[in-house]
Amino acid sequence: MEKRTRKEKAAATKENIFSTAVGLIKEKGYANVTISEICERAEVAKGTFYVHYASKEDIIRESYYSDMGAFIEARYDGFLKCVPDSSGGERVFRFLSLELEFAEFAGYELTCLAYALNLGACVPGPSEHLQKRAFSRILYREIASHMEEAQTGLSAAGVFTYLESVVRGIMATWCFSNRGFDMRDEGKTYLACAVKSVFPMVSSSGDPPALR
């Protein structure tokens, strides 16, 4: 077995801390979870926690940046390896679906708090929100490289803004409705409608992959 690099070990440790924190927040509620408890459950020292996060609030702020990025990139890479000949529409849909899956993984409370904290950071300005979402560059690249499949008058940048806005809207509605619909089922159905308005997403069988 190959030895993991220092960077890989650090990434695994951070993922462990984050996943542990998410589990505790789901179990007990954000206000009832302490850093000491996270460290104890994750079996890491407090010093290790502070290497990756400045505070408990920092977990919330970063959840939709680096943590979401790691979640999406690992799973999207797996998708591309399994379906290397996927169409542009299928790729875009899968990538955006992973954003919804992350919200479900992170949970209702953490997702609501992330929206509140990160929107609050936009008020003083200038916001670094879009720059921090480095994983979105993968989505933009996929959109831009498959625009020949698109059926829209929008530019690649316009398609990117439109579809990212749809995903954020689905997440926000999920929060405001107190989880009023199933993210994996209905949420992805709503998303498929938006993606299909730009990319046909028709497979060789003639069925839209998102809705099979």
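Now for a description of the structure that goes with this document.

The rules we used
Residues numbered from 1 in each chain as written. Predicted model: local features only at pLDDT ≥ 70, side-chain atom pairs only at ≥ 80, totals over all residues. Heavy atoms only, no water. Helix = DSSP H or I, 4+ residues; strand = E, 2+ residues; numbered from the N terminus. Expected span 1.5 Å × (residues − 1). Contact = heavy atoms within 4.5 Å. Buried < 20%, exposed > 50% of the residue type's maximum accessible area, 1.4 Å probe, protein only. Arc of directions from axis to C-beta. Axes fitted to C-alpha atoms, helices over the stretch in contact; angles between N-to-C directions. Parallel < 35°, antiparallel > 145°, perpendicular 65-115°, else oblique. Left-handed = near helix turned anticlockwise from the far one by under 90°. Nonpolar A, V, L, I, M, F, W, Y, C, P; charged D, E, K, R; others polar. Phe/Tyr/Trp six-rings, centres within 6.5 Å; stacked < 30°, edge-to-face > 60°. Lys NZ or Arg CZ within 6 Å of the ring centre and 35° of its normal.

Some thoughts on helix α1 (residues 6-28)
Consideration 1: When the terminal C-alpha atoms of α1 are compared, their 33 Å separation across 23 residues agrees well with the 33 Å that a helix rising 1.5 Å per residue should span.
Consideration 2: Those residues of α1 that are buried lie in contact with α2 (35-42), α3 (46-52), α4 (56-82), α5 (88-106) and α6 (108-120).

Overview of helix α8 (residues 136-145)
Consideration 1: If you check which residues of α8 are buried, you get S136, I138, L139, E142 and I143. Projected down its long axis, α8 carries its buried residues within an arc of 155°, all on one side.
Consideration 2: Buried residues along α8 sit in contact with α4, α5 and α9 (156-176).

Focus: the side chain of K56
Consideration 1: Along the polypeptide, K56 turns up in helix α4.
Consideration 2: Beyond its immediate chain neighbours, meaning those up to four positions away, K56 contacts Y30, A31, V33, I35 and F49.

Points about the packing of α4 against α5
Consideration 1: Where α4 meets α5, the axes come as close as 9 Å, and the angle between the chain directions of the two elements is 135°. The orientation of α4 relative to α5 falls into the category oblique. Judged by the sense of rotation from one axis to the other, the crossing of α4 with α5 is right-handed. The residues of α5 that touch α4, namely those facing S63, Y64, D67, M68, F71, I72, R75, Y76, F79 and L80, are E90, R91, R94, F95, L98, E99, E101, F102, A103, F105 and A106.
Consideration 2: Counted by class, the contact of α4 with α5 contains 13 nonpolar, one polar and seven charged residues.

Some points on the packing of aromatic side chains
Consideration 1: This structure, assessed with the given rule, holds 14 aromatic pairs.
Consideration 2: Relative to Y50, the ring of F49 has its centre 5.3 Å away and its plane inclined at 85°; by these criteria the two rings are edge-to-face.
Consideration 3: Its guanidinium or amino end placed over the ring of F105, K26 lies 5.4 Å from that ring's centre, counting from NZ or CZ.
Consideration 4: When the ring centre of F71 is taken as reference, the NZ or CZ atom of R75 above it lies at 3.7 Å.

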